Amino acid sequence: MKFNLRAYRFNPEIDEKPYFKEYTLEDYPGMTVLNALIKIKAETDGTLSFRRSCRSAICGSCAMKINGISKLACKTQVSSEIEKFGTVSVEPLSNMPVIRDLIIDQESFFDKIKEIKPYLLGQREDDGREGFHILKEGEKISQPVYYKSEFKNLTGNNDTPNCILCECCYSECGGVTGNAKYLGPAALAKLYRYSEDPRDNDKNGSRLVNGSKPDGMWDCVHCQACEEFCPKGISPVRTIVKMHERTIKNSVIFSKGAKHVISIAKSIGETGRLDEVKVAFESGGISGLINDLPMAFGAGLKGKIPPIRLKLIKDMDDIRLAYKELDLEEK
Ligand code: FES
């Protein structure tokens, strides 16, 4: 069956602005979008540019937007796209500048990955287990023993070691779209992955401290897009929530984000409602309050600020009771 493939084209050396070019191809059973692009490049238009390598959904190179959704081209069947959309339209990933056609500049993405130190830190102390000890100079390498249970936080639904750095989550992340400095889901999932690795010995929790800074884990907007679009079934947003819990438990509470969460919980627990002014003050102090003024003013103009004298909310005590039941302070 014949189908049309619409490809985003842009060569900054000759094009004033991007445009779409349409190609007509013959589909065959099992044809992937990457197969189609390779066929176009080999037989019709050698100038069409895109990245690819493994063709097995393990290198992450071929990520692009297919019919508006960030996907791996080598994992996406032409037939299923035609079935859903009636056509195949390919564009470069979002949230990164385009170099040419479907090739994006990955520098900002990988700079953020480097920032979270994606390697094991320190040296684990000898805990006396058979097969594990710190090597002495000149000593032959012996393999430390680790037990499967020690990796429990890295497997199952949150299989963060499976991340192939394809950038699909980064491309779909609303947090990155709103704030280009935000680390983004892939870097934060890596941060979690190394923090939870039993072989890591980041004694003073420098990764979590780093990840708690502005533009880090507290700037996640919880849009869940990273979970929805990860081609490997990883849920970065769930790892981010776990890190929130850990940073609060580990008293890494100097960051505005952590203080904000604690203040919200306190406000609801004590009064059964959200005292926005108090929360703003407790999260960022006087300077935080001043910084929030323009936003508060803008919200006020749009009628989004609750009246100063709140009427007593019916069943307010029930909210306080529910809070107590949840025992949020303990968590
Ligand atoms: S080519 Fe490697 S993931 Fe698609």
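Everything here concerns the structure above.
I will try to describe carefully the structure that is included in this document. (Residues numbered from 1 in each chain as written. Predicted model: local features only at pLDDT ≥ 70, side-chain atom pairs only at ≥ 80, totals over all residues. Heavy atoms only, no water.)

Observations regarding the pairing of strand β1 (residues 2–9)
Alright, step 1. Here β1 pairs with strand β2 (residues 19–26) via 8 bridges, running antiparallel. Note that in β2 the partner of Y8 across the bridge is F20.
Alright, step 2. Both β1 and strand β5 (residues 88–91) contribute to a ladder of 3 bridges, which runs parallel. Looking at the pairing, A7 lines up with V90 of β5. (Pairing = 2+ DSSP bridges. Helix = DSSP H or I, 4+ residues; strand = E, 2+ residues; numbered from the N terminus.)

Considerations on the pattern of salt bridges
Alright, step 1. All chains considered together, the criterion is met by 13 salt bridges.
Alright, step 2. As a salt-bridge pair, E26 and K2 come within 3.1 Å of each other at their nearest N and O atoms. In this pair, E26 sits in strand β2 while K2 sits in strand β1, placing the two residues 24 residues apart along the sequence.
Alright, step 3. Judged by relative accessible area, which is 57%, K2 ranks as exposed.
Alright, step 4. For the salt bridge of E282 with K266, the shortest nitrogen-to-oxygen distance reads 3.4 Å. Of the two residues, E282 is situated in helix α11 (residues 276–301) and K266 in helix α10 (residues 256–271); the sequence distance between them amounts to 16 residues.
Alright, step 5. By relative accessible area, E282 is classed as partly exposed at 27%.
Alright, step 6. Residue classification places K266 among the partly exposed positions, given a relative accessible area of 32%.
Alright, step 7. Taken together, the salt bridges that share partners define one network made up of R9, K21, D45 and D101. (Salt bridge = Lys/Arg side-chain N within 4 Å of Asp/Glu carboxyl O. Buried < 20%, exposed > 50% of the residue type's maximum accessible area, 1.4 Å probe, protein only.)

Let's talk about the packing of helix α6 (residues 185–195) against helix α9 (residues 236–249)
Alright, step 1. Put simply, α6 and α9 touch, their axes get as near as 9 Å, and they point 55° apart. By the angle between their axes, α6 is oblique relative to α9. As α6 runs across α9, the sense of the crossing is left-handed. Between α6, through P185, L188, A189, L191, Y192 and S195, and α9, the contact on the second element is made entirely by P236, T239, I240, K242, M243 and R246. (Axes fitted to C-alpha atoms, helices over the stretch in contact; angles between N-to-C directions. Parallel < 35°, antiparallel > 145°, perpendicular 65-115°, else oblique. Left-handed = near helix turned anticlockwise from the far one by under 90°. Contact = heavy atoms within 4.5 Å.)

Remarks on the environment of L191
Alright, step 1. Turning to its location among the elements, L191 is positioned in helix α6.
Alright, step 2. Look at L191 and you get buried, because its relative accessible area is 0%.
Alright, step 3. Note: C-alpha distance between L191 and M217 (26 residues apart in sequence) is 9.6 Å.

What to know about helix α1 (residues 33–44)
Alright, step 1. Look at α1: 15 Å from first C-alpha to last across 12 residues, which is about the 16 Å you get at 1.5 Å a residue.
Alright, step 2. What α1 keeps buried is the set V33, L34, N35, A36, L37 and I40.
Alright, step 3. Turning to α1, the residues buried within the fold contact β1, β2, β3 (63–66), α2 (78–85) and β5. (Expected span 1.5 Å × (residues − 1).)

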